[in-house]
Amino acid sequence: MLSVSGLTKRFGGFLAVNQVSFEVREGEILGLIGPNGSGKSTTFNLIAGALRPTAGSIRFKGGEIGGLSAHRICRNGIARTFQIPRPFRKLSLIENVTLAAYFGNGSSDRVEARRHAEEALALVGLPADPHTMTDGLGAAALKKLELARALATRPTLLLADESLGGLDASEMERAADLLESIRTRMRITIIWVEHIMGVLMRVVDRVIVLDHGEKIFEGLPRDAAHDPRVTEVYLGQRRT
Ligand SMILES: Nc1ncnc2c1ncn2[C@@H]1O[C@H](COP(=O)(O)OP(=O)(O)O)[C@@H](O)[C@H]1O
Ligand SMILES: [Mg+2]
């Protein structure tokens, strides 16, 4: 459903993403991992339209989307979460998610946006009443809110950026289970970025590993852990 080919992003003389190609199959959870600075968020920014590719192609459902505006890409059915959630702190959860539903996918119907927001909050397990405010939410709830904001736009492809960041071990397990159940219940496709392997490897169908903007591995999670380039570059240790 998504096909990335020769994707390249240059910042000045620096290649943040360098000739990266991969396919995403309908209904799968694809893990995209790599150390900090390896180009994961830049890849998301290119797919979601926050950045324009220097070179390469991004095809979604058969059409080229590389270089389209973020708004058009969202309306085409791609939603993303941000590594660092920045909700409107003074608004309630339902207001935050309704705004995302309303402006994100170009819906012109406020009642429908509200309904999509309520469904998204229910999916992630957050209250949709008008009194639960965003200020003071903990890390795990903020990550769920970020997920709900993306899901309220009714995506067919979800780009989840570091959904485990700032969570403790049991929260990470629950967040991984949540992504898996969202995939099943919403019948969507997910690309999930993390810099750590951890629980991600339990949930993803396939994994891609980036290092210095280049794809160094693509395959099954169980094979990634035994791949010499992955263990050397990603884990920083050489296998003997
Ligand atoms: N807007 C930008 N301008 C210049 N350099 C950037 C910009 N965005 C990211 N980079 C650089 O590109 C590299 C990859 O960043 P990023 O994609 O955020 O990595 P990751 O998400 O894998 O940690 C980093 O070295 C980062 O400093
Ligand atoms: Mg990142």
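Each remark here, short or long, concerns the structure printed above.
Cut-offs used in this document
By convention here, each chain's residues receive numbers from 1 onward along its written sequence. Working convention: letters from A go to chains and numbers from 1 go to ligands, in the order in which they are written. Totals for whole chains, interfaces and linings use all residues, but because this is a predicted model, local features are given only for residues with pLDDT of at least 70 and pairs of side-chain atoms are given and counted only at 80 or more. Geometry is summarised by axes, namely lines fitted to C-alpha atoms with helices restricted to the contacting stretch, and by angles between N-to-C directions that run from 0 to 180 degrees. By the criteria applied, helices consist of DSSP H or I runs no shorter than four residues and strands consist of E runs no shorter than two, each listed in order from the N terminus. A crossing counts as left-handed when the near helix is turned anticlockwise from the far one by less than a right angle, and as right-handed when that turn is clockwise. For the purpose of contact definition, each residue receives a C-beta atom placed from its backbone, and two residues are in contact when these atoms lie within 7 Å. Three residue categories are used. Nonpolar comprises Ala, Val, Leu, Ile, Met, Phe, Trp, Tyr, Cys and Pro, charged comprises Asp, Glu, Lys and Arg, and polar comprises the others, including Gly. Among buried residues, those of type Ala, Val, Leu, Ile, Met, Phe, Trp, Tyr and Cys that are joined through C-beta atoms within 7 Å form a set called a nonpolar core. The exposure label follows from counting other C-beta atoms within 10 Å of a residue's C-beta, where the C-beta atoms are placed from the backbone and the thresholds are 20 or more for buried and 12 or fewer for exposed, leaving partly exposed in between. Using a C-beta atom placed from the backbone for every residue, we mark a residue as near a molecule or strand if that atom lies within 6 Å of it. DSSP bridges decide pairing: two strands pair if at least two such bridges lie between them. Convention used here: angles under 35 degrees read as roughly parallel, angles over 145 as roughly antiparallel, angles from 65 to 115 as roughly perpendicular, and any remaining angle as oblique.

So, the packing of helix α3 (residues 93-104) against helix α5 (residues 139-151)
Across the interface, α3 lies against α5 with an axial gap of 7 Å and an inter-helix angle of 35 degrees. For α3 against α5, the interelement crossing comes out right-handed. The segment α3 lies against α5, with Leu 93, Asn 96, Val 97 and Ala 100 engaging Leu 145, Ala 148 and Arg 149. Partitioned by chemical class, the residues of the contact of α3 with α5 number five nonpolar, one polar and one charged.

Quick word on the nonpolar core
Grouped together as the largest cluster of nonpolar side chains are 65 residues, with contacts concentrated most on Ile 78, Val 97, Ala 148, Leu 159, Trp 192 and Val 209. Here this core takes six residues from α3, the largest share from any one element. When residues no more than four places from it in sequence are discounted, the contact partners of Trp 192 are Ile 29, Gly 31, Leu 32, Ala 160, Ser 163, Leu 179, Leu 200 and Val 204.

So, the site of ligand 1
Around ligand 1 lies a shell formed by Phe 11, Ala 16, Gly 34, Asn 36, Gly 37, Ser 38, Gly 39, Lys 40, Ser 41 and Thr 42. Counted by class, the shell around ligand 1 contains two nonpolar, seven polar and one charged residues.

A few points about the pairing of strand β4 (residues 55-60)
For strand β1 (residues 2-11) and β4, the ladder comprises five bridges, and the chain directions are antiparallel. From the neighbouring strand, Ser 5 faces β4, where its bridge partner is Ser 57. Relative to strand β5 (residues 63-64), β4 is paired through two bridges, and the arrangement is antiparallel. Pairing of Phe 60 across the sheet is with Gly 63, part of β5. A loop of two residues connects β4 with β5, the two strands running antiparallel in sequence, and Lys 61 in this loop sits at a positive phi of about 50 degrees.

Here we look at the sheet that holds strand β10 (residues 214-219)
Pairing is mixed in the open sheet, where six strands are placed in the order β6-β7-β8-β3-β9-β10. Both edges of this open sheet fall to β6 (78-80) and β10, since each of them pairs with a single strand only. Neighbour to neighbour, the strand axes of the sheet diverge by 15 degrees on average, direction disregarded.

Section: the environment of Gly 49
Note on placement: Gly 49 falls in the loop between α1 (40-48) and β4. It is 15 Å that separates the C-alpha atoms of Gly 49 and Arg 10, two residues lying 39 residues apart in sequence. What Gly 49 contacts, discounting residues up to four positions off in sequence, is Leu 68, Ser 69, Ala 70, Arg 72 and Ile 73.

Side note on the packing of helix α4 (residues 110-124) against α5
One way to put it is that α4 packs onto α5 with a least axis distance of 8 Å and a crossing angle of 140 degrees. Judged by the angle between their axes, α4 and α5 are oblique. The handedness of the crossing between α4 and α5 comes out as right-handed. Between α4 and α5, the residues in contact are Ala 120, Leu 121, Leu 123 and Val 124 and Lys 144, Leu 147, Ala 148 and Leu 151, respectively. Among the residues forming the contact of α4 with α5, the class breakdown is seven nonpolar, no polar and one charged.

Observations concerning the pairing of strand β7 (residues 157-161)
The buried fraction of β7 is high, at five of five residues. Of the two faces of β7, the one carrying Leu 157, Leu 159 and Asp 161 and the one carrying Leu 158 and Ala 160 are both buried. Relative to β7, β6 runs parallel, the two sharing three bridges. Within the sheet, the bridge partner assigned to Ile 78 lies in β7 and is Leu 157. Across five bridges, β7 lies against strand β8 (residues 189-194) in parallel orientation. What sits directly across from Leu 159, in β8, is Ile 191.

Here we look at the environment of His 195
Along the polypeptide, His 195 turns up in the loop between β8 and α7 (200-203). His 195 gets classed as buried once you count the C-beta atoms within 10 Å, which come to 20. Between the C-alpha atom of His 195 and that of Leu 210, which follows or precedes it by 15 residues, the distance is 9.7 Å. In this view, His 195 contacts Ile 33, Gly 34, Pro 35, Asn 36 and Glu 162; residues no more than four positions away in its chain are not counted.

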